[in-house]
Amino acid sequence: PTGTPSRLTQHLKESTFLLSILVAIYLVACLYTYHPTDPGPFSTTNSDQVQNAGRILGAWISDAFLGLTGYIAYLIPAITVFGGWRVWSNKSQAFETGIMEAVAVVTGLILFLLSSTGLSDIHLLPPAGTMPANGGGVVGAVVASPLLQWTGMLGSTLFLFSMMLVGITLFTGISWFNVMDATGRVTLGILDWLVAGVTRMRDWFAGRR
């Protein structure tokens, strides 16, 4: 039987959402103050001075995330907040439904990370000395290298892009058909507005004449 969630469950969900926001703020500060000379798992320097806003922990976190996933690490704070929001907004009380939804969300997140880091490794090349690894990090290199050998640049890009769309769908629940419908409505609305504006201008110029 389904019922309304208990007050304790609701408080735990709200706490999870608030905690995800605080963690995301800390991650943003750590990632955007990353410095190549700070200590970390991928750092080759032995500097004792830490320039990261998160100090030693922030330096290690930023170096690890950037080294593993490259530029995709800058999306991790947003993913963290979205994950907390999904926990807070989930109203499902059925055990089977909750388990299947959790599996789908985790699978989508994994697919998104693997495919997006692979695309970053193929198409993004960071300036020398600005990142601990390449544009997609270690994960992106592991994903992209065999695909490039088997399918080439075009095949790898198409495959990884399709897997990224599948991952986004599973993780966020977005329907791409609804996105296309909304895009079409917005486009038609803009075209109608432009046509109406041109018609009004023609009438105005005719009235002036």
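One can find the structure itself at the top, above this paragraph.
Residues numbered from 1 in each chain as written. Predicted model: local features only at pLDDT ≥ 70, side-chain atom pairs only at ≥ 80, totals over all residues. Heavy atoms only, no water.

**Q** Is there a simple way to explain the overall build of the protein in this structure?
**A** Scanning the protein from N- to C-terminus turns up 6 helices and 0 strands. Ordered by position from N to C terminus, the α and β elements of the protein give α-α-α-α-α-α. Relative to its length of 209 residues, the protein is extended, with a C-alpha radius of gyration of 23 Å against a globular reference of 17 Å. Overall, the protein is about 80 × 55 × 40 Å in size when its C-alpha atoms are taken along their principal axes. Looking at the protein residue by residue over its 209 residues, the buried ones come to 28%. Across the protein, contacts joining residues at least 24 apart in sequence account for 64% of those joining residues at least 6 apart. (Helix = DSSP H or I, 4+ residues; strand = E, 2+ residues; numbered from the N terminus. Rg over C-alpha atoms; globule rule 2.2 N^0.38 Å. Buried < 20%, exposed > 50% of the residue type's maximum accessible area, 1.4 Å probe, protein only. Contact = heavy atoms within 4.5 Å.)

**Q** What is the right way to read the nonpolar core from this model?
**A** The tendency in soluble globular proteins is for nonpolar side chains to be buried as a group. Counting 12 residues, the largest nonpolar core consists of I79, V105, F112, L119, I122, V143, A144, L147, L160, M164, I168 and F171. Going through the elements one at a time, α4 (95–123) and α5 (137–172) are the ones with two or more residues in this core. With 7 residues, the top contributor of residues to this core is α5. Those residues in contact with F171, other than ones at most four positions away along the chain, are I79, F82, R86, V105, G108 and L109. (Core = buried A, V, L, I, M, F, W, Y, C linked by side-chain atoms within 4.5 Å.)

**Q** It is not clear to me how the packing of aromatic side chains should be interpreted in this structure. Could you clarify?
**A** Taken as a whole and judged by the stated rule, the model has 5 aromatic pairs. Ring centres of Y32 and Y74 lie 5.1 Å apart, and the angle between their planes is 50°; on these two criteria the pair is classed as tilted. Placement of Y32 in helix α1 (residues 7–32) and of Y74 in the loop between α2 (55–69) and α3 (76–89) is noted, with a sequence separation of 42 residues between them. Measuring from centroid to centroid gives 5.0 Å for W204 and F205, while their planes differ by 75°, and the two rings are edge-to-face. By relative accessible area, which is 41% here, F205 ends up partly exposed. Every member of this aromatic cluster is reached through a ring pair, and the members are F82, W85 and F171. (Phe/Tyr/Trp six-rings, centres within 6.5 Å; stacked < 30°, edge-to-face > 60°.)

**Q** Teacher, can you tell me more about the side chain of T117 here?
**A** Among the secondary structure elements, T117 is positioned in helix α4. Judged by its relative accessible area of 0%, T117 is buried. Of the polar contacts made by the side chain of T117, one reaches the backbone oxygen of L114; its length is 3.0 Å. (Polar contact = N/O pair within 3.5 Å; in protein donor to acceptor, adjacent residues only side chain to side chain.)

Taken by themselves, the reported measurements are silent on function.
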